[in-house]
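Here is how the chains run, residue by residue.
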Amino acid sequence: GVVGGFIARSLSRYELSVLVLEKENDVGDVTSMANSAIAHSGYDPEPGSKKAKFNVLGNRMMPKVCQELDVPFGQVGTLTIALEDEQLKTLKDLLERAKINGVEAKILSAEEVKTLEPNINPEVKGALLCPTGGIVNPFLLSVRAFENAMDNGVKLHLNEEVKGIKKENGGFLVTTTKGTYQAKVVINAAGLH
């Protein structure tokens, strides 16, 4: 997936022997393919959490990374809307989180939201605008990260599922559906597994 692709891409910058084992017949075919395609700005996660830290850092990286990999990136911003008066307090709480997390955000009135997005539900009471939120094709991003890694020497084995990993002689013995490999370091980027 996209995480494995970017790990491989980062490792490809060094003089290392890197092998990626992918159980599917292509990269990005499971979790990465099915995600929401949103490059979150980081206004929502609990301040101080790793999710908050990496949402913000990852969002800031997206324009440059997508340009380097020739992947379209739309920094279209996000609107988190309130349809009831009680939800306006939630927007204020989210704005406070955004400030703590270092994310540009502001609360818009109902009129400002309707001007910005004329097709919005007419019952809208207000919204939190985060201009750094964006959208990206997650499958293409995965593919391009892997292509770049492979251009730099990373090997990719498709249709090869890892069946076991055992510590051995200061390293690891990795058993797959097609063979056995010795590794000094193993990085598990198997998403759901």
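What you are looking at is a predicted structure, and each value in this text was computed from that prediction instead of being measured.

## Notes on the overall build of the protein
Helix and strand counts for the protein stand at 5 helices and 11 strands. Against the globule reference of 16 Å for 193 residues, the protein gives a C-alpha radius of gyration of 21 Å, more extended than a compact globule. Seen through its C-alpha atoms, the protein measures out along the principal axes to roughly 65 × 30 × 25 Å. Burial statistics for the protein: of 193 residues in total, 33% are counted as buried. Long-range contacts, defined as pairs at least 24 residues apart, comprise 66% of the intrachain contacts of the protein with a sequence gap of at least 6. When the accessible surface of the protein is split by element, carbon and sulfur atoms take 53% of a total near 12,000 Å². Counting 22 positive and 24 negative side-chain charges, the protein places the averaged centre of each group 7 Å from the other.

## Here we look at helix α1 (residues 2-11)
Restricting attention to buried positions, one finds in α1 the residues V2, G4, G5, A8 and R9. The buried residues of α1 occupy an angular sector of 160° when the element is viewed end-on, so they sit on one face. Summarising the contacts, the buried residues of α1 are in contact with β1 (19-21), α2 (50-69) and α5 (138-151).

## Some thoughts on a nonpolar patch on the surface
Side chains of I38, V76 and I135 sit close together on the surface and give an oily, nonpolar patch of about 270 Å² of accessible area. Tracing the chain through its elements places I135 in strand β7 (residues 134-136).

## Side note on the sheet that holds β7
Consider a sheet: its strands pair through backbone hydrogen bonds, and that pairing is either parallel or antiparallel. Ordered by their spatial adjacency, 3 strands build an open sheet running β2-β7-β3, and the pairing between neighbours is antiparallel. Two strands lie at the open edges of the sheet, namely β2 (38-39) and β3 (73-74), each paired on one side alone. Both β2 and β7 contribute to a ladder of 2 bridges, which runs antiparallel. What sits directly across from I38, in β7, is I135.

## Examining the nonpolar core
One finds V2, A39, M62, V65, C66, L69, V71, F73, V136, L141 and A145 forming the largest nonpolar core, which totals 11 residues. Secondary structure elements with two or more residues in this core: α2 and α5. Looking at this core, the element that brings in the most residues is α2, giving 4 residues. In terms of nonpolar packing, the next biggest core, distinct from the first, is built from 10 residues, A82, A98, V103 and C130 among them.

## Some details on the packing of α1 against α5
The interhelical angle for the contact between α1 and α5, taken along N-to-C directions, is 25°, at an axis separation of 8 Å. When the axes of α1 and α5 are compared, the pair comes out roughly parallel. The element α1 and its partner α5 pack so that their crossing is left-handed. The residues of α5 that touch α1, namely those facing V2, G4, G5, F6, A8 and R9, are L141, S142, A145, F146, N148 and A149. Its residues assigned to classes, the contact of α1 with α5 shows 7 nonpolar, 4 polar and 1 charged.

Parameters at a glance
Residues numbered from 1 in each chain as written. Predicted model: local features only at pLDDT ≥ 70, side-chain atom pairs only at ≥ 80, totals over all residues. Heavy atoms only, no water. Helix = DSSP H or I, 4+ residues; strand = E, 2+ residues; numbered from the N terminus. Rg over C-alpha atoms; globule rule 2.2 N^0.38 Å. Buried < 20%, exposed > 50% of the residue type's maximum accessible area, 1.4 Å probe, protein only. Contact = heavy atoms within 4.5 Å. Areas by Shrake-Rupley, 256 points an atom, 1.4 Å probe, with all protein chains shown as cover. Lys, Arg positive; Asp, Glu negative; His and termini not counted. Charge placed at Lys NZ, Arg CZ, Asp CG, Glu CD. Arc of directions from axis to C-beta. Patch = residues over 30% accessible without salt bridge, like charges linked within 9 Å, V, L, I, M, F, W, Y side chains within 5 Å. Salt bridge = Lys/Arg side-chain N within 4 Å of Asp/Glu carboxyl O. Pairing = 2+ DSSP bridges. Core = buried A, V, L, I, M, F, W, Y, C linked by side-chain atoms within 4.5 Å. Axes fitted to C-alpha atoms, helices over the stretch in contact; angles between N-to-C directions. Parallel < 35°, antiparallel > 145°, perpendicular 65-115°, else oblique. Left-handed = near helix turned anticlockwise from the far one by under 90°. Nonpolar A, V, L, I, M, F, W, Y, C, P; charged D, E, K, R; others polar.

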